[in-house]
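Notes for the structure review
For reference, the chains in residue letters:
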Amino acid sequence: MVRVEERAEGDTDLYVDALAAVASGLAASQSSLAAERLQPIAGRIWHGRLSRPRSKDGASTDGAPRGIAMRGRERDVTPRKRAEVFIRDGFCCAYCGGRVIPLPVLVAISDVFPEGLPYHAYYKSGHIHPAFWFVAPEVDHVLAHASGGTGELENLATLHSACNAMKADVPITDLPPVERAKRVDGWDGLLSLYPGVVAAGETYGTRHHAARYHTDWLRYFGL
Ligand SMILES: [Zn+2]
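For the structure given in this document, a descriptive report is provided here.

Rules behind the numbers
Residues numbered from 1 in each chain as written. Predicted model: local features only at pLDDT ≥ 70, side-chain atom pairs only at ≥ 80, totals over all residues. Heavy atoms only, no water. Helix = DSSP H or I, 4+ residues; strand = E, 2+ residues; numbered from the N terminus. Buried < 20%, exposed > 50% of the residue type's maximum accessible area, 1.4 Å probe, protein only. Contact = heavy atoms within 4.5 Å. Areas by Shrake-Rupley, 256 points an atom, 1.4 Å probe, with all protein chains shown as cover. Core = buried A, V, L, I, M, F, W, Y, C linked by side-chain atoms within 4.5 Å. Donors = N, O, S within 2.8 Å, 3.2 Å for Na, K, Ca; no water. Tetrahedral: all angles 85-135°; square planar, octahedral: opposite > 155°, others 65-115°. Salt bridge = Lys/Arg side-chain N within 4 Å of Asp/Glu carboxyl O. Polar contact = N/O pair within 3.5 Å; in protein donor to acceptor, adjacent residues only side chain to side chain. Phe/Tyr/Trp six-rings, centres within 6.5 Å; stacked < 30°, edge-to-face > 60°.

1. Section: the overall build of the protein
- What the protein contains, in helices and strands, is eight helices and four strands.
- Counted from the first residue to the last, the protein has its helices and strands arranged as β-α-α-β-α-α-α-β-β-α-α-α.
- Buried positions account for 52% of the 223 residues belonging to the protein.
- Relative to all contacts within the protein whose residues are 6 or more apart in sequence, the contacts with residues 24 or more apart total 72%.
- For the protein, the accessible surface area stands at approximately 10,100 Å², while carbon and sulfur atoms represent 51% of it.

So, in structure tokens, the structure goes:
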């Protein structure tokens, strides 16, 4: 186990590249090759200070079991709309410009490698791989609820969970401009590999989420 307490320069690319290679191995039913490709980031555990507030009613907005932690601000955004925002934004973060991989895709990889890429529904420090913070996106409101922002598509943006936690309640419009050069042509957040990774999880994996979790997300992403 390797303790990780901060996101370092270059971590997003390091994790995205490793996980893309893992996913392509799994989608090709080459689980031992995928395990090898996970090695550079395998077994890392987040011990940092970022926190992910729970919604008051414990309601789930991502199709996961009740009680899964969601940021209060995401509660008026349906999973389908979140998928739509990620696709519209080209699976890149509006804050840092880096690539994102949606949470269900990471969960599907974790289904196969629960020790290499440990997942915890509440993002509990000491129990989750830092990739969930560094790579998975959330939907954030450009203009915050408190300032009258709505849940309409044009007021929503894709942000890494870590970027979202760090920027707190500063509206995106007040933040430095995104470095669009970082966007990657053809990057699809590993969506094209997602069905293959889910299939690998059914063969080799350990399910630790609601039965319909992946079925629902495949539908939200139009797969
Ligand atoms: Zn970011």
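Continuing now.
2. What to know about the side chain of T12
- On the secondary structure map, T12 appears in helix α1 (residues 11-27).
- We classify T12 as buried; its relative accessible area is 11%.
- The contact partners of T12, leaving out residues within four places of it in the chain, are R7, R99, F134, V135 and H160.

3. Concerning the nonpolar core
- Ranked by internal contacts, the top residues of the largest apolar core, which has 60 residues, are L19, L26, I101, I109 and F132.
- Considering each element in turn, this core owes the most residues, eight residues, to α1.
- Each residue touching L26, except ones within four places of it in the same chain, is listed here: S31, A34, I109, V112, F113, G196, V197 and A200.

4. Quick look at the coordination of the zinc ion
- The protein atoms that coordinate the zinc ion are C93 (SG), C96 (SG), H160 (ND1) and C163 (SG), at distances of 2.1 to 2.4 Å.
- Here the zinc ion binds four donor atoms, and the angle range of 95 to 116 degrees at the metal identifies the geometry as tetrahedral.
- Within one chain, the residues serving as donors to the zinc ion are arranged as C-x2-C-x63-H-x2-C. Each member of the pair, H160 together with C163, is buried.

5. Looking at the pattern of salt bridges
- Applying the stated rule across the entire model yields six salt bridges.
- Here R99 makes a salt bridge to D17, at a shortest N to O gap of 2.8 Å. You can see R99 sitting in the loop between α3 (79-88) and α4 (103-112) and its partner D17 sitting in helix α1, a full 82 residues away along the chain.
- The shortest N-O distance in the salt bridge between D89 and R88 comes to 2.9 Å.
- Residue classification places R88 among the partly exposed residues on the basis of a relative accessible area of 39%.
- In the salt-bridge network here, residues are joined through shared partners; they are D13, D17 and R99.

6. Quick notes on the side chain of E138
- Assignment of secondary structure puts E138 in strand β3 (residues 137-141).
- Using a relative accessible area of 1% as the deciding quantity, one classes E138 as buried.
- A polar side-chain atom of E138 sits 2.7 Å from a polar atom in the side chain of N164.

7. Some thoughts on α4
- Of all the ten residues making up α4, ten are buried; the element is thus mostly covered by neighbouring parts of the structure.
- Along α4, the residues classified as buried are L103, P104, V105, L106, V107, A108, I109, S110, D111 and V112.
- In this structure, the buried side of α4 is in contact with α1, α5 (131-134), β3, α7 (194-204) and α8 (213-220).

8. Quick look at the packing of aromatic side chains
- In this structure the tally under the stated criterion is nine aromatic pairs.
- Ring geometry for Y119 and F132: centres 4.8 Å apart, planes at 35 degrees, overall tilted. One end of the pair, Y119, is in the loop between α4 and α5; the other, F132, is in helix α5, and 13 residues separate them in sequence.
- The exposure class assigned to F132 is buried, which follows from its relative accessible area of 0%.

As far as function goes, none of this settles anything; it's purely spatial.
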